Amino acid sequence: MPTRSPTSDHAACARVLAMMVAANGRVDEREVHALEELDAFRRLGVTRQRFVELARLCLRDIGAGLSARSWLTAADMIYLDALLDAVESPQQRLLVCRLAAAVITADGCVTLDERLVYGYALARWHIHQGMVTQAILHDRTH
């Protein structure tokens, strides 16, 4: 089995996080700013500009449709599974969830579509909210 490079892991993480930004049907500047505050772009090895491009691609591919309904379709789940399964490292998965928690709360309102995608990622990766809370607390101490 080929070994994945840190660069490909970071790119996969950036794509998942971009999906979290696009989940509510728009690329909100407050969410992008929250990621800047957490130094997320450096941590994921992507520029701010490239991240916004990824978020717009996700918005085009799936995000706009998510805001129109209160469930994930089979096509949504296939799309999300491909993004999520590309992140293999448990540490990177937890980092993405930690950053996603900041994204979905950045505008002061967690929408149903954001909750659906975030919850799906947690379930797929077998991460519970307590683990994310600990990651947030640990992140703040550094």
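Refer to the structure printed above.
Caption draft 1: Main features of the overall build of the protein chain. Looking only at helices and strands, the protein chain has 8 helices and 0 strands in total. For 142 residues, the compact-globule formula gives about 14 Å, and the C-alpha radius of gyration of the protein chain, at 14 Å, lands near that figure. Projected onto its principal axes, the C-alpha positions of the protein chain cover 40 × 40 × 30 Å. By residue count, 47% of the 142 residues in the protein chain fall in the buried class. Of the contacts made within the protein chain by residues no fewer than 6 positions apart, 78% connect residues no fewer than 24 positions apart. Carbon and sulfur atoms make up 58% of the accessible area of the protein chain, which totals about 7,300 Å².

Caption draft 2: Layout of helix H7 (residues 112-125). With 14 residues, H7 should cover 20 Å at 1.5 Å per step; its first-to-last C-alpha distance of 20 Å lies within 8% of that length. Buried within H7 we find Asp113, Glu114, Val117, Tyr118, Tyr120, Ala121, Leu122 and Trp125. Just past H7, the residue histidine 126 takes up positive phi, approximately 60 degrees.

Caption draft 3: View of the side chain of arginine 43. Tracing the sequence through the fold places arginine 43 in helix H3 (residues 40-44). With sequence-adjacent residues up to four places away left out, arginine 43 is seen in contact with His10, Leu38, Leu95, Leu99 and Asp139.

Caption draft 4: Summary view of the packing of helix H6 (residues 90-105) against helix H8 (residues 129-140). In contact at an axis separation of 9 Å, H6 and H8 are set at 80 degrees when each is read in the N-to-C sense. Relative to H8, the element H6 is oriented roughly perpendicular. Residues Leu94, Cys97, Arg98 and Ala101 of H6 touch H8, and the partners they reach there are Met131, Val132, Ala135, Ile136 and Asp139. Among the residues making up the contact of H6 with H8, the classes are represented as 7 nonpolar, no polar and 2 charged.

Caption draft 5: Main features of the nonpolar core. Ranked by size, the top nonpolar core spans 47 residues in total, and within it Leu17, Met19 and Leu35 carry the most contacts. Ranked by residue count, the leading element in this core is helix H1 (residues 6-22), at 10 residues.

Caption draft 6: Focus on H8. Between its terminal C-alpha atoms H8 stretches 17 Å, which fits the 16 Å expected from 12 residues at 1.5 Å a residue. Residues of H8 that are buried include every one of Val132, Ala135, Ile136 and Asp139, and no others. When H8 is viewed along its axis, its buried side chains cluster within an angular range of 100 degrees and face the same direction. For H8, the exposed residues set more than 90 degrees away from the buried face come down to Gln134 and His138. Where H8 is buried, its residues contact H3, H6 and H7.

Cut-offs applied
Residues numbered from 1 in each chain as written. Predicted model: local features only at pLDDT ≥ 70, side-chain atom pairs only at ≥ 80, totals over all residues. Heavy atoms only, no water. Helix = DSSP H or I, 4+ residues; strand = E, 2+ residues; numbered from the N terminus. Rg over C-alpha atoms; globule rule 2.2 N^0.38 Å. Buried < 20%, exposed > 50% of the residue type's maximum accessible area, 1.4 Å probe, protein only. Contact = heavy atoms within 4.5 Å. Areas by Shrake-Rupley, 256 points an atom, 1.4 Å probe, with all protein chains shown as cover. Expected span 1.5 Å × (residues − 1). Axes fitted to C-alpha atoms, helices over the stretch in contact; angles between N-to-C directions. Parallel < 35°, antiparallel > 145°, perpendicular 65-115°, else oblique. Nonpolar A, V, L, I, M, F, W, Y, C, P; charged D, E, K, R; others polar. Core = buried A, V, L, I, M, F, W, Y, C linked by side-chain atoms within 4.5 Å. Arc of directions from axis to C-beta.

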